[in-house]
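Chain residues, written in single-letter form:
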Amino acid sequence: MSFRYVLPLLVVIVSLHPSAHAQDASWQQRVSYDIDIRLDTDSHRMDGRQVVRYENNSPDTLDRVFFHLYFNAFHPESMMAERNRVLPDPDSRIVPRIFNLGPDEIGFHRIESIRQDGTPVAYRITDTVMEVKLAHPIAPGAATEFELEYHSQVPLQTRRSGRHNREGIDYSMSQWYPKIAAYDRRGWHADPYVGREFYAPFGTFDVRITLPSEYVVAATGVLQNAEEIGHGYTERPVSVESETLTWHFRAENVHDFAWAADPDYIHDVIESATGITVHLFYQPDVAEVWQNLRTEAPAIMDFFSENYGRYPYPQMTVAQAGDGGMEYPMITFVTGRRSPASLRGVTAHEMAHMWYYGVLGSNEADFAWMDEGFGSYITTEVTGHLTGNPSPSHASSALGVLQAHHYGLFEPMNTPSDWFRTNYGYSIAAYTAGEMLLDLLGYVMSDPVRDQFLQTYFERFRFRHPDPTDVEKVAEDVSGLQLDWFFAQFTETDWTLDYAVRNVDSRRSGAAWRADITLERVSDIAMPIDVLITLDDGTAQWVTIPLGVMQGHKPVPQDWVVADPWLWTSPRYTLSIDLPARVRRVEIDPMLRTPDRNRLNNVTGLPTAITFLNAPQQRWTSYGIGWRPLAQYAHNWGIGAGLQARGTYIFGRWRTQAMLKLWPEVLFSGGDEPDVTSDPVLPIDGSPVDGIDYELRIDHPQRVFGTFGSVSLRSRKHLGIIESEARISALLGRHAILRRGQRELILSIAHQNRTSDRSLFTPVAAGFSSDDLVFARVGYRYENPTTRVIVGLETGGSFAPGFDFGSANRAYVDAAISTPVGPFTGVLHAQVGVGADNLVSQRLFRLGAASFSDRWGQDAYRTIGALVDDPWDDLHWVAFGGPGPIAYSLMQLPDFGGTSVVGAPSGSNIMAASARLVTGRLADARPLRPLRLELFFGVGEVWSDEFEASDLLYDAGFGLHYNVAELTILRRWVAQSNVLSGLQLTAQFPVWVSDPELLGGDEQLDFRWMLGIVVDRPFGN
Ligand SMILES: [Zn+2]
């Protein structure tokens, strides 16, 4: 489609002269710094003297001023440290480092003296903020001069600034001098340094830095004495005799000054096509990847300068320093050990800040999206430009926002930066939602008008401090649209967006077709919407439906239809339109511009993406379905065949699984099978239904009890056993999903029974009661990387004749911890459980093994074990699970209808513990990577009447453990197979047992072997 834009009268207002705006409330303070510091690189301390000339352009008389003393943040008791103690997802660059800073490693500014125009003044320091009571007030329009002397310690690099960063850069000097706070029409902004971000008046910096002469310095500003310094700043060779050098930098129209110093810096200078001098500083070990920046850095600066407003400074510096990527005027600190794409991405992002931060000095502490979001938007644009994609999609930002909503962690964009409840919430609001906002602005006003808005915004507010109302005003001026509704909904609320197609009615109307298309706003956010109508004759019609409160519409291509505006008070809207053919399909926002949380209803019919022999894909625009045929052999059941389909939507929402499997041998024999019926022990109650297995399951993550959780419904029948369960789980705690240790509450009710006696002759499905068993469970689970605690309370029983309610009452505690033991991992695992005297057989506790219920439920165990007549005798096949000695799973219990059905001792009560010592990876070669070796010791007892200490059983031995899911070659199959994904093969050799007689032998020390599947193994790998 050709986008010949009909630009109506609307954009005339663009030409408003900038100065026409710069009246009345547009005053701003101004400052100039004269700083002279001497850095002692042995003690990492510096002595500073600075003169700050401050112009009060406000209409207010000021009787105090504030300075930021940022270095004071780097201390175990600072606000920054305390905040990171409390946040659910503390910054890994700060924690735990800041808590461990010693006296020589903390940062501080010690103020030696402050004078105002020569008169000493009183001051008070709270954390990182110094309040200065003025000797004489500063009247509107007047200026004053502060003279400060200070002594500071450069902290060990913890966040952004400091000495000795992780890549060995000696000094990353940002937020390093007493800096006057911002004062604007909202008053003082003396924000303590808690984490983010910065806001300060524009001015001039004249900075002299004295340090040993072998250091190379990168800084904001232009070096004034390059001929004395050399170090790559001048082409002429400079010979330095003195032990120290004093570097003199000067910068104008900036609101901060940063520098970095290291003796090993390589210094490159490149001129960009538009005349920007780019300086690169990096260490030799990253030189190879940094060579890319010689072409990319100037190209990025030129692209930004040409598209978003002319870069107003003579130079730009990229220095390897800091702890990630951080912007300062005319310089950025980025860490250097990166892939080429990562280095390009971070450099582009920080360079974008020269526009949104550097020149447009907005209040980042209150409106971080204005710099981080706009910066992220143009970073995506320049990355597209550099990689051959001139119009890159920003849809991933909308998806990122949706994910935050999904977890319940989205916070309004205008939340003050340090006050977000989580770091994750901040990063989504500032970066991701900020990028989305600019993309959405293009959707609302058209992309070319949005690009014009960015240019005008820059021109009108360069070297100023725009706030959100300024952004809105420029956007309105440039587009001619009223946009209050847009900024209010997206920056002030945590609302979500969901539009749906509800009905399409197409009928003949003379030569044409009349279509009535009913659309609905399902969620809160009201937006103009673009609709694509596809007709039966193969043609298509675009329609834009403006929102009434826009008082206009965006410019659209000539062949689009502009519909009547949608008045936001109506949740529904009917688009009536004459078309040349019948409507085949209607889709809302097919270009993926809006953060629509459910796109399955954006189109007529359910959009699906079906794959064969592959796991379903999580897509935004369609419901992913993966299907495959199944085949299985099971002893006593013959060959079974069926189909499985699984479905999912974004973030694992509405996950479904459906399976149907038929066992012809059982079906056609009416459920009876000769070998089985000939056994006299049990009455056989065969039915053709025994030959049908199925599984139906739906899982949906959603908020439960005000926190993140999920609901799940499941019913399945395998090998004559049926189980159905409804379950709700919730992570406890408001931001649980972000925490390292998660507490989960699980409520469920379940039904189990055995529908066929045939199961008794298939040992992997044996042990179930044929009565209908109903039970409810309350479970609690705490898990972090080294500790796991599970508590379960179950109550229930059978409603069958001979009513025996209570036969499913159980309570248990299961706890495990793992800890490094030399080169190994030590795992201690213990369980205590009590159950009803007549505990139903499938829920009996079993020593060192999984209960009947759990082992039947384990797909891999059930599927592989059912292959043979007698998995115990033939394969020594065990479902390992739970603590305690495992050797007794090899016990021969009395015959059960001709088959030795069970191994491990079982009972209504259990007390058991295991200790394991597990190696790390034994070999790096592919097939051996998942292999681990272990030593184990187990002790425990199960009993039904009374505990006897003398009945405790012990074993010890070694084992091999192989986690098949770790094999990358199988990744595709693991993803789609319940059997493979649960396949943790283990071979165990309990060579020593305390009671060999139970195993039919008399040697305590003997070779014994067992193979099996792990049903439950805390910290198993
Ligand atoms: Zn940024």
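Given the structure is predicted, the values throughout are model-derived calculations rather than measurements.

## Quick look at the packing of helix α11 (residues 447–461) against helix α12 (residues 468–479)
One way to put it is that α11 packs onto α12 with a least axis distance of 9 Å and a crossing angle of 125°. As summarised for this structure, α11 and α12 are arranged oblique, according to the angle between their axes. At the point where α11 passes α12, the crossing takes the right-handed sense. Counted together, Val449, Gln452, Phe453, Thr456, Tyr457, Arg460 and Phe461 of α11 and Asp470, Val471, Val474, Ala475, Asp477, Val478 and Ser479 of α12 form the full contact between these two elements. Taken together, the residues of the contact of α11 with α12 break down into eight nonpolar, three polar and three charged.

## Concerning the sheet that holds strand β28 (residues 561–562)
Ordered by their spatial adjacency, four strands build an open sheet running β28-β27-β26-β30, and the pairing between neighbours is mixed. Either end of the sheet is taken by a strand with one partner, and the two such strands are β28 and β30 (583–588).

## Examining unusual backbone geometry
Cis peptide bonds are those with omega within 30 degrees of zero, and the linkage from Val95 to Pro96 qualifies with 5°. Topologically, Pro96 is positioned in the loop between α2 (79–86) and β4 (108–116). Of note, the bond from Arg196 into Glu197 is cis; its omega dihedral lies within 30 degrees of zero at -20°. Here Glu197 is to be found in the loop between β13 (187–189) and β14 (203–212). With a phi close to 65°, Met330 is a non-glycine residue in the positive phi region. Looking at where Met330 falls in the secondary structure, it is placed in the loop between β22 (325–328) and β23 (331–334). Classification of Met330 by relative accessible area gives buried; the value is 2%. The phi dihedral of Asn636 is positive, around 80°, even though this residue is not glycine. Considering the arrangement of structural elements, one finds Asn636 in the loop between β32 (623–634) and β33 (638–648). According to the relative accessible area criterion, Asn636 is buried, its value standing at 12%.

Thresholds, definitions, all that
Residues numbered from 1 in each chain as written. Predicted model: local features only at pLDDT ≥ 70, side-chain atom pairs only at ≥ 80, totals over all residues. Heavy atoms only, no water. Axes fitted to C-alpha atoms, helices over the stretch in contact; angles between N-to-C directions. Helix = DSSP H or I, 4+ residues; strand = E, 2+ residues; numbered from the N terminus. Parallel < 35°, antiparallel > 145°, perpendicular 65-115°, else oblique. Left-handed = near helix turned anticlockwise from the far one by under 90°. Contact = heavy atoms within 4.5 Å. Nonpolar A, V, L, I, M, F, W, Y, C, P; charged D, E, K, R; others polar. Pairing = 2+ DSSP bridges. Buried < 20%, exposed > 50% of the residue type's maximum accessible area, 1.4 Å probe, protein only.

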